[in-house]
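Inside the fold
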Amino acid sequence: MTTAKVVPGSTKCGTFALYSLMCRKTKMGLLATPQAANEHLSAYKLETSSKETRTSLLVKNFFEKHRTSRIALLLFVLLGTSMVIGDGVLTPAMSVLSAVSGLKIKIPRLHENCIVFVSCIVLVGLFALQHYGTHRVSFLFAPILIAWLGCISGIGIYNIFKWNPGVVRALSPYYVYNFFKKAGKDGWSSLGGVVLCITGAEAMFADLGHFSKLSIRVAFTAVVYPCLVVAYMGEAAYLSKHREDLHSSFYKALPESVFWPVLVIATLATVVGSQAIISATFSIISQCRALGCFPRVKIIHTSSHVHGQIYIPEVNWLLMLLCLAVTIGFRDIDMIGNAYGLAVIIVMFVTTCLMFLIITTVWKRSIFLVLLFVITFGSLELLYFSACLVKVPHGGWFPLIFSLIILLVMSAWHYGTAKKQAFELQNKVCLDYLLSISPSLGLVRVPGVGLVYSNIMTGVPPMFAHFVTNFPAFHRILIFVCLRTLTVPKVPVDERFLIGRIGPPEYRLFRCIVRYGYKDGGRDSYEFENQLLMKVAEYLQQEVGDSLVNGEMSVVGQPSNLVVDAVMGSERTERSKKRVRFKEAVGADVRQEVRELADEREAGVSYMMGHTCVVAHESSSFIKKFVIDVVYGFLRRNSRRPAVALGIPHASLIEVGMVYHV
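None of the values given here were measured: they were computed from a predicted structure.

Our next topic: helix H3 (residues 54-65). Over its 12 residues, H3 extends 16 Å from the first C-alpha to the last, a length consistent with the 16 Å expected when each residue adds 1.5 Å. Taken residue by residue, H3 has Thr55, Ser56, Val59, Lys60 and Phe63 as its buried positions. Around the axis of H3, the buried residues are gathered within 125° of arc, so they sit on the same side. The outward face of H3, more than 90 degrees from its buried face, is lined by the exposed residues Arg54, Leu58 and Lys65. Of the surrounding elements, those touching the buried residues of H3 are helix H4 (67-100), helix H14 (333-362) and helix H15 (367-389).

Now the structure itself:
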């Protein structure tokens, strides 16, 4: 099985992407965003949907009626996602260790500690290079993999002709039946190792965002699959004459003259495979973070040309430490392989279950097609899963424990975030009430533009009400900003901003809902400030032309040339220069409010955010207190602050402290 271990792969982001699709198309998920606020988005304009089937109605009604079923579904998805993250620990450790272990074939006296030491050096180098980004070395990936596939297929053909040409008969399904008939229980148990031969196949679905379906199909069916089959047949031919070499058959089957070149190429191939799963781990954590299922971490975009190439320092170094711990702790390829196989087959099964829901409720296919899919793939995966469960005491326990820890972190963060947002929604303040008591508070308006960040799309956040009642002053132009991450991969820039006015025009109060997709890139504070104020200015012009009703929100698309020249006319990034150009460009050709916006922007832009402490209510249960006060509190204290994650300049930040009793 060494060949399978040197060609690693895993399901990347399919699990969470399927759940996001289901949340977007149905009401069965817990990550759904209010559809009314997103009806103008092109990504939310549903295709011509087919007629609801009886099965789709039954499934939808069950999940919509029982909240516990939606919670269980989310936990099930997070379990699969946790297994993928665990895959990011196991794949590099197993791949590198299996490749480096070939040294022992040529140097029999080499101590096991030396193999582990060399593997650790390769792993440290692999993770240390992550911050440079994939794009700097990606041009080497294709030649390395082509060389690797060429080597294993050529060696496979050599071994077939040299040791046992009759092994080609193993392509017949008859021998599968005959094997299980003779082996019995031992044949079933061997499936726990056989699963390692197919663990790279599901990685193709993660590449759909980078390559077309046709290119993946052609590459797999015409290149990858034939090369792997020939390689395994050659290894089987060698083992038919050398059964004593079972545990190191791949390297011992190599001809003497090509051993060292193949060892080098195998090591390079493991680095490429490990790079793929590490990048996938970064990607899926970024998506979970965007949808509120993972603590805030620093995300660095390593390429300005290729979207999706990101680097997460905290996750990178944590993965490295865990990979080193697995390599040093297990030291055994078979035990790591047992853990790896169990993790991958669980992800496969989770994906199959989600596909059942997608086919039923989103695609609305017939029950016969659904049953055909579930029986075909589900039965095979359960068969492999049952065989892998036997190996839990022999390394299979690691992905279970690791995934449960990650599941606890993700579910606790999602639960705490949901409780925090629910508290803000329940305790929001009516603006009319706040303005009615302003004379008694002695409320004054100070120069400048204030951006008030909150999670609610209507009303005044409790944080701002708390600030005004204790410090009765706010900016002459006030914009309530709500950042929403939707269950779509990307939101076009011209559909991102939804802007409306609050109260009469003389109040100078606005609300802006900014929609992002879970794959949208970084958010530079200066650039965001430019775009936001540019959209507000465009909204004011649009308000005159379209006679928008007070309080009605409007999607502001492509701005006029006047506003573009005002904000984007210069590539200089100095804040003061941008503000001067904004003021000069609006001139006298636009209405008074836009000129006031330019004046107030030059006076200064401030960002207001809540610095909240979320604690469980005294009457809460012990479990809730443990999740909120201990787990969620620990994660909040050790994750990046919202202002830092958004890149808000510290000198312009106003933080309002509050305690939320949820």
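The subject of this paragraph is helix H9 (residues 185-194). Of all the residues in H9, the buried ones are Gly187, Leu191, Gly192 and Gly193. Its buried side turned inward, H9 meets helix H8 (173-183) and H15.

A few words on the pairing of strand E8 (residues 605-615). Bridging between strand E3 (residues 444-454) and E8 involves 4 bridges; their strand directions are parallel. Opposite Gly450, over in E8, you have Ser606 as the bridge partner. The pairing of E8 with strand E9 (residues 653-661) spans 9 bridges and is parallel. Paired with His611 across the two strands is Gly657, which belongs to E9.

Enumeration over the complete set of coordinates arrives at 10 salt bridges. Lys252 is the partner of Asp245 in a salt bridge, and the nearest nitrogen-oxygen pair spans 3.3 Å. A residue is classified by how much of its surface remains accessible, and Asp245, at 9% relative accessible area, is buried. Residue Lys252 is classed as partly exposed on the basis of its relative accessible area of 36%. Arg476 is the partner of Glu600 in a salt bridge, and the nearest nitrogen-oxygen pair spans 3.5 Å.

Quick look at the packing of aromatic side chains now. Within this structure, the stated rule accounts for 23 aromatic pairs. Pairing Tyr453 with Phe528 gives two aromatic rings, centres 6.5 Å apart and planes at 35°, and the pair type is tilted. Of the two residues, Tyr453 is situated in strand E3 and Phe528 in helix H20 (residues 525-546); the sequence distance between them amounts to 75 residues. Note on accessibility: Tyr453 and Phe528 belong to one class, buried. The interplanar angle of 85° and the centroid separation of 5.3 Å between the aromatic rings of Phe464 and Phe480 together place this pair among those described as edge-to-face. Within this pair, whereas Phe464 is found in helix H19 (residues 462-470), its partner Phe480 is found in strand E4 (residues 473-486), the two being separated by 16 residues in sequence. For Phe464, a relative accessible area of 1% puts it in the buried group.

Right, let's talk about unusual backbone geometry for a bit. Even without a glycine there, the phi angle at Lys364 is positive, about 60°. Relative to the assigned elements, Lys364 resides in the loop between H14 and H15. Take Lys364: its relative accessible area is 12%, and that puts it in the buried class. Not every positive phi belongs to a glycine, and Arg508 is a case in point at roughly 55°. Positionally, Arg508 belongs in the loop between strand E5 (497-502) and strand E6 (509-517).

One way to put it is that helix H2 (residues 14-25) packs onto H14 with a least axis distance of 10 Å and a crossing angle of 20°. Classified by the angle between their axes, H2 and H14 sit roughly parallel to one another. The hand of the H2/H14 crossing is left-handed. In this structure, H2 contributes Thr15, Leu18, Leu21, Met22 and Lys25 to the contact, and H14 contributes Val347, Val350, Thr351, Leu354, Met355, Leu357, Ile358 and Val362. Counted by class, the contact of H2 with H14 contains 10 nonpolar, 2 polar and 1 charged residues.

Attention shifts here to the pairing of E3. Here E3 runs beside E4; their pairing, made up of 9 bridges, is parallel. When the sheet's bridge partners are listed, Val446 is paired in E4 with His475.

Reading the values: rules and limits
- Residues numbered from 1 in each chain as written.
- Predicted model: local features only at pLDDT ≥ 70, side-chain atom pairs only at ≥ 80, totals over all residues.
- Heavy atoms only, no water.
- Helix = DSSP H or I, 4+ residues; strand = E, 2+ residues; numbered from the N terminus.
- Expected span 1.5 Å × (residues − 1).
- Buried < 20%, exposed > 50% of the residue type's maximum accessible area, 1.4 Å probe, protein only.
- Arc of directions from axis to C-beta.
- Contact = heavy atoms within 4.5 Å.
- Pairing = 2+ DSSP bridges.
- Salt bridge = Lys/Arg side-chain N within 4 Å of Asp/Glu carboxyl O.
- Phe/Tyr/Trp six-rings, centres within 6.5 Å; stacked < 30°, edge-to-face > 60°.
- Axes fitted to C-alpha atoms, helices over the stretch in contact; angles between N-to-C directions.
- Parallel < 35°, antiparallel > 145°, perpendicular 65-115°, else oblique.
- Left-handed = near helix turned anticlockwise from the far one by under 90°.
- Nonpolar A, V, L, I, M, F, W, Y, C, P; charged D, E, K, R; others polar.

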